[in-house]
Amino acid sequence: MTTTSRIDQVAIRRPSTFASRPIADGDPLHGRKLRIGIISPYSFETPGGVQFHIRDFARQLRSRGHHVEVLAPGRRTTDMPLWVDTNGTSFSMPYNGSVARLSYFGFAGAQTRRWVEQGGFDILHLHEPEAPSLSHKPLVMRHHPPLVGTFHSAFDTYPRALRCFEPYLRRYLAPLDQAICVSEAARSIARHYLPTAVPTQVIPNGVDRAEFLGAHANPAWTGTSTRPTIGFLGRMGEERKGFAVFAEAARTVLERVPNARFLCAGDGSEAGRRIVRHHDADGRLLRHFEFLGRLSDADKARFYRSLSLYVAPQLGGESFGIVLVEAMSASCPVVASDLDAFRAVGGDDHTVSLFETGHAQGCAGAILALLSDDERRTALGRAGASRSEAFDWSSVTDAVLGVYARALS
């Protein structure tokens with residue numbers, strides 16, 4: 001039997017929308033410090049938005065004096081915090097245009113329930129409790145602390161499998177005391193299977209604005225008026241991340257700005273090179289691309305601070321736009337596809353320059369318009385930085401603690 005291992009290091013009621021309601025002054029817990037258990041459905045062995053959200057939120061809670069432990073599928077790695085536990089096993093499953101590493105079968109249920117029982121938690125926070133993974137398991141426990149669920153997923157086409165399992169999920173999710181959706185797009189999916197009696201509100205993902213705003217540009221990545229740097233960050237091998245749109249748009253941009261550089265960060269550099277070659281009719285396009293690989297948190301902040309502008313060409317399947325918020329926090333002008341989730345982050349056309357999703361020429365046009373207008377590009381960066389205040393972890397954490405307080409009451 002595999003035992004839980006400790007890491008070496010490191011009627012849904014009409015929901016309230018985070019951006020439209022002020023956070024109450026004062027501590028909703030009135031000084032009480034909690035023992036909080038957080039369960040991730042996805043392995044921390046590979047990076048992903050949900051895992052980063054859980055990690056950063058846990059750090060926020062710990063900085064406020066709360067005791068936090070996290071349980072995730074998979075194996076231990078040396079870069080995980082001490083307060084993350086793993087159950088030692090996971091399996092891969094295609095999910096929403098990506099591949100998720102989950103844990104559900106065998107001893108996963110017993111391991112999870114034992115972790116909850118031994119944790120003595122005041123509250124248990126389950127991420128994606130509808131997914132067939134560890135965060136699904138505590139819902140069948142006879143005795144458990146108050147349960148809060150956070151729903152992240154959004155789909156362009158509602159999955160048939162979820163439609164089939166809706167009656168089961170409504171019964172299974174009934175023990176939740178409170179529910180959070182990270183966006184209206186996520187809420188529109190969750191409402192299909194979340195019991196109507198569970199109070200629900202929208203609270204977005206958070207960012208540490210100070211980390212991005214205070215980062216220093218890397219001279220090797222810094223763009224100039226004659227040699228601008230245009231950035232992409234994401235998994236280049238995943239079609240839904242839109243790297244092919246970025247590569248095709250780059251070819252058009254180079255016709256007008258022949259010294260432009262395209263800096264590509266994230267996993268899948270070899271897949272990225274193959275995609276660029278596919279769009280490289282004369283063999284010159286690839287010379288303008290630089291593949292940086294996976295960046296540390298500090299380098300990611302410097303990456304955004306160095307760019308002339310950032311491009312988010314995603315094709316769909318996005319419940320939130322965390323990369324937009326990160327770039328905006330660094331005062332980096334953003335060009336993005338006009339997905340509903342990205343529109344919600346931008347708020348209006350004065351904070352993000354939008355183009356038709358999947359339209360490479362529209363993407364190129366938006367890039368060229370900003371590169372040719374320094375005043376507008378600067379204004380867009382400033383407006384984005386101001387807009388990003390709504391997503392700072394300080395406000396987001398306050399809002400989630402308010403949900404905890406209601407669950408405990």
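1. Considerations on the nonpolar core
The biggest cluster of nonpolar side chains holds 60 residues, and the ones touching the most others in it are Phe 151, Leu 176, Tyr 193, Phe 303, Tyr 304, Tyr 310 and Leu 324. Dropping the residues within four chain positions of it, Phe 303 is found in contact with Trp 221, Gly 231, Phe 232, Leu 233, Leu 263, Ala 265, Leu 292, Leu 295 and Tyr 310.

2. A short note on the packing of aromatic side chains
Here a ring pair, both rings aromatic, is described through the centre-centre distance and the interplanar angle of the planes. One pass over the full model with this rule turns up 22 aromatic pairs. Between Phe 232 and Phe 246, the aromatic rings sit 5.5 Å apart at their centres with planes inclined by 35°, giving tilted as the arrangement. Pair noted here: Phe 232 is in strand β12 (residues 229-233) and Phe 246 is in helix α6 (residues 243-256), with a separation of 14 residues, a long-range link. Like Phe 246, Phe 232 is buried. Ring geometry for Phe 246 against Phe 289: centres 6.0 Å apart, planes inclined by 85°, an arrangement best described as edge-to-face. You can see Phe 246 sitting in helix α6 and its partner Phe 289 sitting in strand β14 (residues 289-293), a full 43 residues away along the chain.

3. Considerations on the sheet that holds strand β15 (residues 309-312)
Judged by pairing direction, the sheet is parallel, and its six strands sit side by side in the order β14-β13-β12-β15-β16-β17 without closing on themselves. Looking at which strands have only one partner, the edges of the open sheet turn out to be β14 and β17 (353-355). Between one strand and the next, the sheet's axes are offset by a mean angle of 25°, whatever the strand orientation. Relative to strand β16 (residues 334-337), β15 is paired through three bridges, and the arrangement is parallel. Residue pairing in the sheet places Val 311 in a bridge with Val 335 of β16. Each of β12, β15, β16 and β17 is contacted by helix α11 (residues 360-371), which is oriented at about 165° to β15, the strand it contacts most.

4. Points about unusual backbone geometry
Non-glycine residue His 30 carries a positive phi angle of around 55°. Relative to the assigned elements, His 30 resides in the loop between β2 (16-17) and β3 (35-39). Phi is positive for Glu 128, which is not a glycine, with a value near 50°. Residue Glu 128 is classed as buried on the basis of its relative accessible area, which comes to 2%.

5. Focus: the confidence of the model for the chain
Mean pLDDT for the chain: 90, with 92% of residues reaching 70 or above. For residues 1-17, every residue scores under 50 in pLDDT, and the model assigns this stretch 69 contacts once sequence neighbours within four places are set aside. Overall, residues 19-24 carries pLDDT values under 50, and its contacts beyond four positions in sequence, including any with other chains, amount to six contacts.

6. Observations concerning helix α9 (residues 322-329)
With seven of its eight residues buried, α9 lies for the most part within the structure. Those residues of α9 not exposed but buried are Val 323, Leu 324, Val 325, Glu 326, Ala 327, Met 328 and Ser 329.

7. Brief notes about the pattern of salt bridges
Enumeration according to the criterion identifies 21 salt bridges in this entry. With a shortest N-O distance of 3.7 Å, Arg 59 and Asp 56 are connected by a salt bridge. You can see Arg 59 and its partner Asp 56 sitting in helix α1 (residues 49-63), three residues apart, about one turn around the helix. Given the relative accessible area of 35%, Arg 59 is considered partly exposed. One salt bridge in this structure joins Asp 374 and Arg 377, with 3.0 Å as the shortest N-O distance. With a gap of three residues between them, Asp 374 and Arg 377 both fall in helix α12 (residues 374-387), about one helical turn apart. For Asp 374, a relative accessible area of 45% translates into the label partly exposed. Under the relative-accessibility criterion, Arg 377 is labelled buried at 17%.

8. Quick look at the packing of α6 against α11
For the pair α6 and α11, interaxial distance at closest approach is 8 Å and the crossing angle is 45°. For the element pair α6 / α11, the angle class is oblique. The hand of the α6/α11 crossing is right-handed. Touching Val 245, Glu 248, Ala 249, Thr 252, Val 253 and Arg 256 of α6 are Ala 360, Gln 361, Cys 363, Ala 364, Ile 367, Leu 368 and Leu 371, all from α11.

9. Considering the pairing of β15
Residues of β15 alternate between two faces, with Leu 309 and Val 311 on one and Tyr 310 and Ala 312 on the opposite face, all of them buried. Where β12 and β15 come together, two bridges link them in parallel fashion. By the bridge assignment, Ile 230 is partnered in β15 with Leu 309. The parallel pair β15 and β16, bridged by α9, forms a crossover whose chirality is right-handed.

10. Concerning the environment of Ile 230
Structurally, Ile 230 is set in strand β12. Distance in space between the C-alpha atoms of Ile 230 and Cys 264 is 8.6 Å, their sequence separation being 34 residues. Not counting residues up to four positions away in its chain, the partners in contact with Ile 230 are Phe 246, Val 253, Ala 260, Arg 261, Phe 262, Leu 263, Leu 307, Leu 309, Val 311, Ile 367 and Leu 371.

11. Considerations on the packing of α11 against α12
Two elements in contact, α11 and α12, have axes separated by 6 Å at closest approach and are oriented at 105°. As the angle between them shows, α11 and α12 are arranged roughly perpendicular. Only Asp 374, Arg 376, Arg 377 and Leu 380 of α12 make contact with α11, whose side of the interface consists of Ala 369, Leu 370 and Leu 371. Considered class by class, the residues forming the contact of α11 with α12 number four nonpolar, no polar and three charged.

What counts, and where the lines are drawn
Residues numbered from 1 in each chain as written. Predicted model: local features only at pLDDT ≥ 70, side-chain atom pairs only at ≥ 80, totals over all residues. Heavy atoms only, no water. Core = buried A, V, L, I, M, F, W, Y, C linked by side-chain atoms within 4.5 Å. Buried < 20%, exposed > 50% of the residue type's maximum accessible area, 1.4 Å probe, protein only. Contact = heavy atoms within 4.5 Å. Phe/Tyr/Trp six-rings, centres within 6.5 Å; stacked < 30°, edge-to-face > 60°. Helix = DSSP H or I, 4+ residues; strand = E, 2+ residues; numbered from the N terminus. Pairing = 2+ DSSP bridges. Axes fitted to C-alpha atoms, helices over the stretch in contact; angles between N-to-C directions. pLDDT = per-residue confidence, 0-100. Salt bridge = Lys/Arg side-chain N within 4 Å of Asp/Glu carboxyl O. Parallel < 35°, antiparallel > 145°, perpendicular 65-115°, else oblique. Left-handed = near helix turned anticlockwise from the far one by under 90°. Right-handed = clockwise from strand over helix to strand, strands pointing away. Nonpolar A, V, L, I, M, F, W, Y, C, P; charged D, E, K, R; others polar.

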